[in-house]
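# Observations on chain architecture
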Amino acid sequence: MQGSITRICMIVAAAILNHPLLFPKENTTIPEEEDDALTRMKEYEERLQAAQERLEQEISKADEEATNSGLDYYGWYFWSTLSLVIFFTIEVCRHDLNPGETPDHVEDEEGYTNSGSVNPKDLTLDKGVLRNLCETNFQPFVHESGRVQEFVEGFADDLLEALRSICDREVDMELEDFIGVGSMFESWRVCKPATCDLIVPFATPDPYHFQFELWCDESSDIPLDLQGCGRIKLVKISENCPDCLSGKTTDDEDMLCLLHNRNHNSKADDHALEEQLCSRNTDYLSKDQVMKWFQISVTRAWGQISHKYEFELTFRNLDFPGALKVRFRSGKVIVLNITLAIQFKDSHAYFISHFPSDSGNTTDIHWHLSFTVYERNLLKHMAKILPESSCHLRCLQLVSFLHKKQSGLRGRSALTNYHLKTAFLHLLLSKSPSAWRPQNLDQRLRDLLAFLQKSLQEKRLAHIIIGNPLVPLELGVPAIFQDAEPINLFRPLVLQRQVYAKMVENFEEMLRNAPALIQEYAPHYPNGRLNSTTVR
């Protein structure tokens with residue numbers, strides 16, 4: 001029996017040593033050697049056949065011996081099973097490790113493939129065509145944007161002033177001046193209708209103030225899937241208590257008199273603001289309650305000033321009361337997104353109820369933290385050190401233009417202009433200012449598309465401000481955000497496999513369509529004249 005096992009092990013060892021995994025197939029033979037190779041293969045097959053026959057004989061003998069010895073019986077099956085496991089393992093590894101058998105496309109665990117992927121570095125982009133496209137399709141928006149901003153600023157001031165007039169200063173929030181953000185105020189708008197994003201900070205009346213709980217606080221219990229969010233606690237300070245340390249006697253506004261906490265106040269009338277703005281049975285500011293207050297207030301404010309304007313004002317989304325549409329008699333439309341915000345201490349970071357493209361998947365007491373003002377200031381800072389007539393904004397306009405046209409062809413995906421802008425800002429910070437000279441537009445566009453493609457493949461796009469050491473110190477980003485772990489903007493989308501798969505598919509199709517789209521929408525100059533039929 002032991003001799004049989006020894007011989008079986010020798011056969012297994014011989015098979016392993018002659019397995020293709022250890023000696024991969026390589027087409028290195030020359031025509032003169034093909035006959036010799038065939039002869040050796042036949043001899044090899046004959047040796048394997050003989051070894052198989054001897055193995056079968058040994059198995060037969062082993063079966064006879066197994067009837068006489070129970071111990072040998074189990075030992076034999078142990079070695080037989082081990083041999084089969086070895087062969088099976090080798091066969092599986094051969095498919096996984098043999099580079100000659102790599103499939104044409106790879107499908108990952110999310111269910112989408114990278115077959116047909118286009119390398120952005122190989123895109124054919126004509127500098128003259130790109131320049132003409134920018135001048136005829138984007139340049140007119142620059143002149144129009146000035147007039148649109150002037151109108152929006154005047155109308156927003158009027159609306160907010162009417163809002164303040166109808167508010168009860170004792171129990172209502174105090175609205176501050178608006179802040180313009182987004183493509184309209186950053187000079188990279190590429191489409192119609194004109195869209196203006198305004199942030200309107202609000203504060204509480206005395207003696208209330210806000211306390212903030214950030215996701216990046218050491219003691220925070222905010223879930224990981226709510227990174228970039230925080231909670232806002234509404235607290236009240238008693239002005240009559242000598243033990244209270246109010247903002248009038250100390251700079252530390254986080255120190256409160258526990259005797260006069262809201263839960264220990266016996267005056268029911270003092271709870272008006274809490275009941276109006278906070279989530280039920282909590283001290284935390286409720287997004288739903290704040291939006292309800294804002295919707296009622298905006299409607300009343302518009303009723304007071306509507307007679308002064310000759311246009312129609314409608315709510316585009318009842319869930320977001322600041323999403324307004326202005327339609328003039330001429331048919332021209334201006335989209336206005338007024339977002340209530342709460343300033344984080346004395347920084348340019350603001351808690352907001354939602355982003356304009358938000359799907360609303362956070363809880364009622366968790367507020368998004370917006371850094372759009374820092375992003376606007378970053379663009380202004382970089383413009384001071386870039387070459388004259390730099391191509392950076394045109395690069396962002398082009399990728400936004402391609403994304404819009406692709407969305408028109410295949411429908412919208414989860415990839416937003418904010419993702420495009422974030423990728424662009426990463427590229428802007430990582431390259432030297434000289435790389436953005438006007439003649440480098442085609443190269444930078446390829447770089448931006450390549451950066452987006454890599455980010456989608458790696459399923460990671462880091463927030464541009466949070467935890468980014470490349471952000472200039474001149475912007476004054478608070479240390480708590482500078483030192484925080486970077487946030488992956490793609491993380492919520494990766495958890496939705498079908499949504500992410502569609503986003504990747506649409507982007508890859510956009511890459512394939514990019515040269516044709518640019519050529520189609522770029523004007524041509526036959527005989528030195530502009531063909532107006534190609535301008536859209």
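Refer to the structure printed above.
Below, the structure is looked at part by part. (Residues numbered from 1 in each chain as written. Predicted model: local features only at pLDDT ≥ 70, side-chain atom pairs only at ≥ 80, totals over all residues. Heavy atoms only, no water.)

It is worth spelling out the packing of helix H10 (residues 417–430) against helix H11 (residues 441–458) at this point. Relative orientation of the contacting elements H10 and H11 amounts to 115 degrees, with a least axis distance of 10 Å. The element H10 and its partner H11 pack so that their crossing is right-handed. Of H11, the residues touching H10 (which contributes His419, Leu420, Ala423, Phe424, His426 and Leu427) are Arg444, Asp447, Leu448, Phe451 and Leu452. Grouping the amino acids of the contact of H10 with H11 by side-chain chemistry returns seven nonpolar, two polar and two charged. (Axes fitted to C-alpha atoms, helices over the stretch in contact; angles between N-to-C directions. Helix = DSSP H or I, 4+ residues; strand = E, 2+ residues; numbered from the N terminus. Left-handed = near helix turned anticlockwise from the far one by under 90°. Contact = heavy atoms within 4.5 Å. Nonpolar A, V, L, I, M, F, W, Y, C, P; charged D, E, K, R; others polar.)

All right, on to empty space enclosed by the protein then. Per the stated rule, a full pass over the model turns up one cavity of 30 Å³ or more. Size it by volume and the largest cavity reaches roughly 50 Å³. In terms of lining, the largest cavity is formed by His403, Gln406, Ser407, Gly411, Ser413, Leu415, Met503, Asn506, Phe507 and Met510. Secondary structure elements with two or more residues in the lining of the largest cavity: helix H9 (392–410) and helix H14 (497–521). The element that contributes the greatest number of residues to the lining of the largest cavity is H14, accounting for four residues. Here the lining of the largest cavity is composed, by residue class, of four nonpolar, six polar and no charged. (1 Å grid on protein atoms, 1.4 Å probe; cavity = no way out; pocket = protein on both sides within 12 Å on 5 of 7 lines; lining within 4 Å. Points joined across faces, edges and corners; volume = space filled by probe spheres on them.)

Looking now at the pattern of salt bridges. Taken as a whole and assessed by the stated rule, the structure comprises 15 salt bridges. Residues participating in the shared-partner salt-bridge network are Lys121, Lys431, Arg444 and Asp447. (Salt bridge = Lys/Arg side-chain N within 4 Å of Asp/Glu carboxyl O.)

Note that the residue after Lys192, namely Pro193, is joined by a cis bond; omega there is -5 degrees. Structurally, Pro193 is set in the loop between helix H5 (183–186) and strand E3 (194–203). Positive phi values are uncommon outside glycine, yet Lys345 reaches one of about 50 degrees. Along the chain, Lys345 falls in the loop between strand E8 (333–343) and strand E9 (350–352). Of note in this structure, Lys459 is not a glycine but carries a positive phi near 60 degrees.

Mapped onto the elements of the fold, Ser400 is located in helix H9. Once you skip the residues sitting within four places of it in the chain, Ser400 turns out to touch Trp188, Val190, Asn417 and Leu420.

Tracing the chain through its elements places Ser455 in helix H11. With 32 residues separating them along the chain, Ser455 and Ala423 place their C-alpha atoms 8.6 Å apart. Discounting residues that sit within four places of it in the chain, Ser455 has contacts with Arg460, Leu461, Phe490 and Tyr500.

Moving on, we get to the pairing of strand E5 (residues 229–236). A large share of E5 lies buried, amounting to seven of its eight residues. Note that strand E4 (residues 208–214) and E5 share seven bridges and pair antiparallel. Note that in E5 the partner of Gln211 across the bridge is Lys233. Of the strand pairs in this sheet, E5 and strand E10 (residues 367–370) are connected by two bridges, and their pairing is antiparallel. (Buried < 20%, exposed > 50% of the residue type's maximum accessible area, 1.4 Å probe, protein only. Pairing = 2+ DSSP bridges.)

Honestly, that's just the spatial picture; any functional story needs more than this.
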